[in-house]
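The lines below spell out each chain.
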Amino acid sequence: MTRPKRKPRPCTAPMLVIQATNDIETHERMSVQAFKEGLANTDHFDNLADCHDLLNLAAADKNDPQVIAVCDLTGIALLNIKDNYDAFGNFVADADELRALELLADTSKDFWSRQSGAFFRDCFTELKKVRAVQKERRVAA
């Protein structure tokens, strides 16, 4: 009797280990706090934009309508914050936008806690590819 060929499973750390090792939640919460205190800079904005885009990619792949709805809402808040930055040169968020950023951090923690480390790695790899293409386009423009 021959054994059927099995698809090898990727070897990665569990998501809880990845979250603890990389302080993902801590960075997201610190970025939200920086916006609350009016101390946000481009690193804080980029961190939350990456959080949003990574979550959006993953939610679309998992076809999770609730997380997609959160991404839609928080995407609008991030675009409003970016528009303010482009117009005035500083990162300012109103009360609704701050609530949206908190929701983003909460949803990210909850969503990723339920996923595998391999799925996170795959989504993160895709996000890095997207960012590389975006960087290429900025340089070419």
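Numbering of residues begins from 1 in every chain and follows the order in which that chain's sequence is written. Local features in a predicted model are, by the rule used here, given only for residues with pLDDT of at least 70; side-chain atom pairs are given and counted only at 80 or more, and totals for whole chains, interfaces and linings are based on all residues. Calculated side-chain values reflect all of the structure's heavy atoms, with hydrogen atoms and water omitted.

Draft legend 1. View of the overall build of the chain. Elements are defined by DSSP. Helices are runs of H or I of four residues or more, strands are runs of E of two residues or more, and each kind is numbered from the N terminus. Helix and strand content of the chain: six helices and zero strands. Each helix and strand of the chain, ordered N terminal to C terminal, gives the series α-α-α-α-α-α. For the exposure calls, accessible area comes from a 1.4 Å probe over protein chains only, and a residue counts as buried if that area is under 20% of its type's maximum, exposed if over 50%, partly exposed in between. The burial tally for the chain puts 33% of its 141 residues in the buried class. It only takes one pair of heavy atoms within 4.5 Å for two residues to be counted as in contact. Within the chain, contacts between residues separated by at least 24 positions form 68% of all contacts whose residues are at least 6 apart in sequence. In the form shown here, the chain has an accessible surface area of approximately 9,400 Å², with 55% of it arising from carbon and sulfur atoms. Working definition of accessibility: Shrake-Rupley area with a 1.4 Å probe, residue cover restricted to the visible protein chains.

Draft legend 2. A look at helix H6 (residues 117–140). One less than the residue count of a helix, multiplied by 1.5 Å, gives the span that helix is expected to have. Here H6 is 24 residues long and its end C-alpha atoms lie 35 Å apart, about the 34 Å a rise of 1.5 Å per residue gives. Restricting attention to buried positions, one finds in H6 the residues Gly 117, Ala 118, Phe 119, Phe 120, Cys 123 and Leu 127.

Draft legend 3. Molecular detail of the nonpolar core. Grouped together as the largest cluster of nonpolar side chains are 29 residues, with contacts concentrated most on Phe 35 and Trp 112. Of all elements in the fold, only helix H2 (24–36), helix H3 (42–62), helix H4 (65–88), helix H5 (95–113) and H6 reach the threshold of two or more residues within this core. With eight residues, the top contributor of residues to this core is H3. Side-chain atoms within 4.5 Å link the members of a nonpolar core, which is a set of buried Ala, Val, Leu, Ile, Met, Phe, Trp, Tyr and Cys residues.

Draft legend 4. Geometry of the side chain of Gln 115. Summarising the element assignment, Gln 115 is placed in the loop between H5 and H6. Taking the relative accessible area as the measure of exposure, Gln 115 reaches 12% and is therefore buried. A polar atom in the side chain of Gln 115 sits 3.3 Å from the backbone oxygen of Phe 111. A 3.5 Å cut-off defines polar contacts: any pair of N or O atoms within that distance qualifies, except that in protein one atom must be a possible hydrogen donor and the other a possible acceptor, and neighbouring residues in sequence count only when both atoms are side-chain atoms.

Draft legend 5. Just the state of the cysteines, in detail. Working definition: a disulfide is two cysteine sulfur atoms within 2.5 Å of each other. In this structure the tally under the stated criterion is zero disulfides. This cysteine, Cys 51, is not joined by any disulfide, and Cys 71 carries the nearest cysteine sulfur, 8.2 Å off. Accessibility expressed as a relative area gives 5% for Cys 51, which makes it buried.

Draft legend 6. The environment of Ala 105, seen in detail. Along the polypeptide, Ala 105 turns up in helix H5. With relative accessibility at 1%, the residue Ala 105 sits in the buried group. For the pair Ala 105 and Thr 74, spaced 31 residues apart in sequence, the C-alpha to C-alpha distance is 10.0 Å. In contact with Ala 105, not counting residues within four places along its chain, are Glu 28, Arg 29 and Val 32.

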